[in-house]
Amino acid sequence: MKYEIIDNALDVESFDELQSWISSNTFPWFHYGQVAYDEDEVISSNSQNTRKTPLTKLQKEYNFALVHMLYNDGEFWCTSETWDVISPLLRLAKVEKLIRAKVNYYPKTSEIVHHKDHTDWRFEHKGALFYLNDCDGLTVLEDGTEVESVANRLLLFDSSKPHHSTTTTNADRRLNINLNYF
């Protein structure tokens, strides 16, 4: 699988501003009841219907995230102040047309919970994950490549291919920004 990792992606000032803004106790979070697909959902793959494997007990327990949607379906969902702080990341990823942008908050768990594989959309597009904090959480790509959560790291990949996230055990939360774009 083709992907690129850029460490120290943003300059220190831009990263510090972005991390401080999102990590503050005034940044609003919204509960999303699923991280990946519902275990009963049937998806179409290569013209065949395949049922995803059932969620494990831990996957069921931690099949949620806190999310702050920034942009979706042609609409801004955040304040202009938040957008201004996010903008350097969009330039860095060379976003021409944005599909969706959101901030993810995964909780600390007693052991790493691997969420279910998923695709962000079933059509070819670009994906970028920007990591806001250091932790033992991972992004696992289709070929099994594990990308560690390192603050100020940018992962560029094809998010129309299966991948998944995890929780963290050694930080109070795992924070990243997810971009889908052309």
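This is a predicted model, so every value here is computed, not measured.

### A word on the pattern of salt bridges
Phase 1: Scanning all chains against the criterion turns up two salt bridges.
Phase 2: Between Arg 153 and Asp 7 there is a salt bridge, and its shortest N-O distance comes to 2.6 Å. Taken together, the positions of Arg 153 in strand β11 (residues 153-157) and Asp 7 in the loop between β1 (3-6) and α1 (12-23) put the pair 146 residues apart, joining distant regions of the chain.
Phase 3: By relative accessible area, Arg 153 is classed as buried at 12%.
Phase 4: Residue class for Asp 7 comes out partly exposed when judged on its relative accessible area of 39%.

### Some points on α1
Phase 1: Between its terminal C-alpha atoms α1 stretches 16 Å, which fits the 16 Å expected from 12 residues at 1.5 Å a residue.
Phase 2: Considered for burial, the residues of α1 that qualify are Ser 14, Phe 15, Leu 18 and Ile 22. Projected down its long axis, α1 carries its buried residues within an arc of 95°, all on one side. Within α1, the exposed residues directed more than 90 degrees away from the buried face are Val 12 and Glu 13.
Phase 3: Check the buried side of α1 and you find it contacts α3 (80-92), β7 (98-107), β8 (126-131) and β13 (173-181).
Phase 4: You can read the cap of α1 off the contacts: a side-chain oxygen lies 3.2 Å from the backbone nitrogen of Glu 13, and it is on Asp 11.

### Brief notes about the environment of His 118
Phase 1: Residue position: His 118 is located in the loop between β7 and β8.
Phase 2: As for His 118 and Asp 84, which are separated by 34 residues in sequence, their C-alpha atoms are 30 Å apart.
Phase 3: Among the polar contacts listed, one links the side chain of His 118 to the side chain of Asp 120, at a separation of 3.1 Å.

### What to know about the layout of surface pockets
In this approach the atoms are scanned with a rolling probe the size of a water molecule, which exposes any empty space left behind.
Phase 1: Each pocket or cavity is described by its volume, and for the largest pocket that value is around 460 Å³.
Phase 2: Every residue lining the largest pocket is counted, 26 residues in all, and those nearest its centre are Val 35, Arg 100, Lys 102, His 118 and Asp 120.
Phase 3: If you tally residues by element for the lining of the largest pocket, the top one is β7, at four residues.
Phase 4: Taken together, the residues of the lining of the largest pocket break down into 11 nonpolar, 10 polar and five charged.

### A closer look at the packing of aromatic side chains
Phase 1: Evaluation of the coordinates by the stated rule reveals nine aromatic pairs.
Phase 2: Consider the rings of Phe 27 and Trp 29, whose centres lie 5.1 Å apart with planes at 70°: the pair is edge-to-face.
Phase 3: Ring centres 5.1 Å apart and planes at 70° place the aromatic pair Tyr 71 and Phe 76 in the edge-to-face group.
Phase 4: For Phe 76, a relative accessible area of 51% corresponds to the exposed category.
Phase 5: Through a chain of ring-to-ring contacts, the aromatic side chains of Phe 27, Trp 29 and Tyr 105 assemble into a single cluster.

### Remarks on the sheet that holds strand β10 (residues 146-149)
Phase 1: The strand order β10-β9-β12 describes an open sheet built from three strands, whose pairing is antiparallel. Each of the sheet's edge strands pairs with one partner strand only, and the pair in question is β10 and β12 (163-165). Pairwise comparison of adjacent strand axes, ignoring direction, gives a mean angle of 25° for this sheet.
Phase 2: In terms of strand pairing, strand β9 (residues 135-141) meets β10 through four bridges, oriented antiparallel. Bridging from a neighbouring strand, Val 140 pairs with Glu 146 of β10.

Conventions we followed
Within each chain, residues carry numbers counting from 1 in the order of the written sequence. In view of the model being predicted, local features appear only for residues whose pLDDT reaches at least 70, and side-chain atom pairs are presented and counted only at 80 or more, with totals across whole chains, interfaces and linings using the full set of residues. The side-chain quantities take in all heavy atoms of the structure and omit both hydrogens and water. Salt bridge, as used here, is a side-chain nitrogen of Lys or Arg placed within 4 Å of a carboxyl oxygen of Asp or Glu. Helix and strand definitions here come from DSSP, where helices need a minimum of 4 consecutive H or I residues and strands a minimum of 2 consecutive E residues; each element is numbered from the N-terminal end. Burial classes follow relative accessibility: with a 1.4 Å probe on protein chains only, a residue under 20% of its type's maximum area counts as buried, one over 50% as exposed, and anything between as partly exposed. A helix is expected to reach a length of 1.5 Å times the quantity of its residues less one. Relevant arc is that of directions from the helix axis to the C-beta atoms, nothing else. Any two residues whose heavy atoms approach within 4.5 Å at even a single point are treated as in contact. Identification of polar contacts relies on pairs of N or O atoms within 3.5 Å, with a donor-acceptor requirement for protein atoms, meaning one able to donate a hydrogen and the other able to accept it, and with residues adjacent in sequence counted only if both atoms are side-chain atoms. Think of a 1 Å grid over just the protein atoms. A cavity is a set of points where a 1.4 Å probe fits yet cannot get out, a pocket is an open set with protein on both sides within 12 Å along at least five of seven lines, and lining residues have an atom within 4 Å of a point. Grid points are joined across faces, edges and corners, and a volume is the space filled by probe spheres set on the points. Any residue that is not Ala, Val, Leu, Ile, Met, Phe, Trp, Tyr, Cys, Pro, Asp, Glu, Lys or Arg is counted as polar, Gly included; the first ten are nonpolar and the last four charged. By convention, a stacked pair of Phe, Tyr or Trp rings (six-membered ring in the case of Trp) has centres within 6.5 Å and planes under 30 degrees apart, an edge-to-face pair has planes over 60 apart, and any other such pair is tilted. Here, any two strands with at least 2 DSSP bridges between them count as paired. Between the N-to-C directions of two axes lies an angle of 0 to 180 degrees, each axis being a line fitted to C-alpha atoms and, for a helix, fitted only over the stretch in contact.

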